[in-house]
Amino acid sequence: MSTTRPFAADDRGPESGEPAANGETESVEPESARRLQLTGESGIVPRARDFTRQALRDWGWLPAATADRKAAAEDVLLVVSELVTNACLHAGGPEELRLRRSPKSLRLEVVDSGAGEPAPRTPHRAGRPGGHGMFIVQRLCLDWGVIRHGDQPGKTVWAELAAPS
């Protein structure tokens with residue numbers, strides 16, 4: 001795993017309305033964050049991708065004007081697929097998908113109730129089927145990590161990707 005640092009590289013701090021470490025309240029534009037409940041849903045991976053694709057359209061990432069912007073959007077959709085699939089396979093299914101954008105990055109979070117710790121398979125064996133999800137996340141993202149939910153089971157697996165230039 002890359003890190004267990006709970007906040008983004010640009011140190012946004014806690015969610016909107018929650019007190020920051022210095023006691024101030026952080027402000028996040030309502031349209032800069034999206035949440036999708038996934039508990040008890042069917043077709044979770046395509047639903048998560050469609051939700052993310054719509055957010056990318058709303059935020060101006062799609063339709064992509066350049067090949068680099070298209071690649072950035074495709075990377076986001078692939079990482080969402082990998083994180084949600086990983087939660088389905090290893091953590092009893094995802095509970096929620098969260099997207100949060102900033103001018104420099106996009107943070108993806110998948111909440112699940114599983115106790116496991118995702119990690120890229122080492123050594124990575126490109127020719128073998130399966131086991132590539134977290135390797136892909138590690139390669140495409142600026143950073144990623146896991147936030148534990150205290151004494152309760154569950155975690156939030158997060159990943160950050162650079163905003164397209």
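These figures come from a predicted structure and were not determined experimentally. All residue numbers refer to positions counted from 1 along the written sequence of the respective chain. In keeping with the predicted nature of the model, local features appear solely for residues at pLDDT of at least 70, side-chain atom pairs appear and are counted solely at 80 or more, and the whole-chain, interface and lining totals rest on all residues. Here the side-chain values reflect all heavy atoms present in the structure, with hydrogen atoms and water set aside.

(A) Here's a closer look at the overall build of the chain. A count of helices and strands for the chain gives 3 helices and 5 strands. A contact between two residues is defined here by any heavy atoms of the two lying within 4.5 Å. Contacts spanning at least 24 positions in sequence make up 62% of the contacts within the chain whose residues lie at least 6 apart. For accessible areas, the Shrake-Rupley method is used with a probe of radius 1.4 Å. Any residue's cover is judged against the shown protein chains and nothing else. Taken as a whole, the chain presents about 9,000 Å² of accessible surface, with 50% of it coming from carbon and sulfur. Put simply, DSSP marks the helices as runs of H or I at least four residues long and the strands as runs of E at least two long, and each gets a number from the N terminus on.

(B) The arrangement of the sheet that holds strand S4 (residues 143–148) in detail. In space, the 5 strands of this open sheet follow the order S1-S2-S3-S5-S4, with antiparallel pairing throughout. A strand with exactly one partner marks an edge of an open sheet, and here the two such strands are strand S1 (33–37) and S4. The sheet shows a mean angle of 15° between the axes of neighbouring strands, taken without regard to direction. Being paired, for any two strands, means DSSP has found at least two bridges between them. Across 8 bridges, strand S3 (residues 105–112) lies against strand S5 (residues 155–162) in antiparallel orientation. When the bridges of S5 are listed, Val111 appears paired with Thr156. Axes, fitted as lines to C-alpha atoms, cover a helix only where it is in contact. Angles between the N-to-C directions of the axes lie from 0 to 180 degrees.

(C) Structural detail: the confidence of the model for the chain. Confidence along the chain averages 82 in pLDDT terms, with 76% of residues attaining 70 or more. Per-residue confidence from the predictor is reported as pLDDT, which spans 0 to 100. Scored below 50 in pLDDT, residues 1–30 makes 52 contacts in the model with residues more than four places away or belonging to other chains.

(D) Representation of the side chain of Glu82 within the structure. Along the polypeptide, Glu82 turns up in helix H2 (residues 67–90). An unpaired buried charge is present at Glu82: no salt bridge exists, and Arg49, the closest side chain of opposite charge, is 7.8 Å distant. Glu82 has contacts with Gly133, Ile136 and Val137, leaving out every residue within four places of it along the chain. Throughout this description, buried means an accessible area under 20% of the type-specific maximum (1.4 Å probe, protein chains only), exposed means over 50%, and partly exposed covers the range between. When charges are counted, neither His nor the chain ends are considered; positive counts come from Lys and Arg and negative counts from Asp and Glu. Take a side-chain nitrogen of Lys or Arg and a carboxyl oxygen of Asp or Glu: if they are within 4 Å of each other, that pair is a salt bridge.

(E) A look at unusual backbone geometry. In this structure, Pro63 follows Leu62 across a cis peptide bond, with omega equal to -5°. Tracing the sequence through the fold places Pro63 in the loop between helix H1 (44–58) and H2.

(F) A look at the packing of H2 against helix H3 (residues 133–140). Following both chains from N to C, one finds H2 and H3 inclined at 145°, their axes separated by 9 Å at the closest point. Along this stretch, H2 crosses H3, giving a crossing that reads as left-handed. Across the interface between the two elements, Asp75, Leu78, Val79, Glu82, Leu83 and Asn86 of H2 pack against Gly133, Met134, Ile136, Val137 and Leu140 of H3. Each residue is assigned to one class: nonpolar for Ala, Val, Leu, Ile, Met, Phe, Trp, Tyr, Cys and Pro, charged for Asp, Glu, Lys and Arg, and polar for all the others, Gly among them. Residue composition of the contact of H2 with H3, grouped by class: 7 nonpolar, 2 polar and 2 charged. Should the near helix be turned counterclockwise from the far one by less than a right angle, the crossing is left-handed, whereas a clockwise turn marks it as right-handed.

(G) A look at the environment of Gly145. By secondary structure assignment, the location of Gly145 is in strand S4. Residues Gly145 and Ala159, spaced 14 residues apart in sequence, show a C-alpha to C-alpha distance of 6.6 Å.

(H) Up close: the pairing of strand S2 (residues 94–101). Taken across its 8 residues, S2 has 6 buried, putting it largely inside the fold. Here S1 pairs with S2 via 5 bridges, running antiparallel. What sits directly across from Leu36, in S2, is Leu97. Connecting S2 to the antiparallel partner S3 that follows it, the hairpin turn spans 3 residues.

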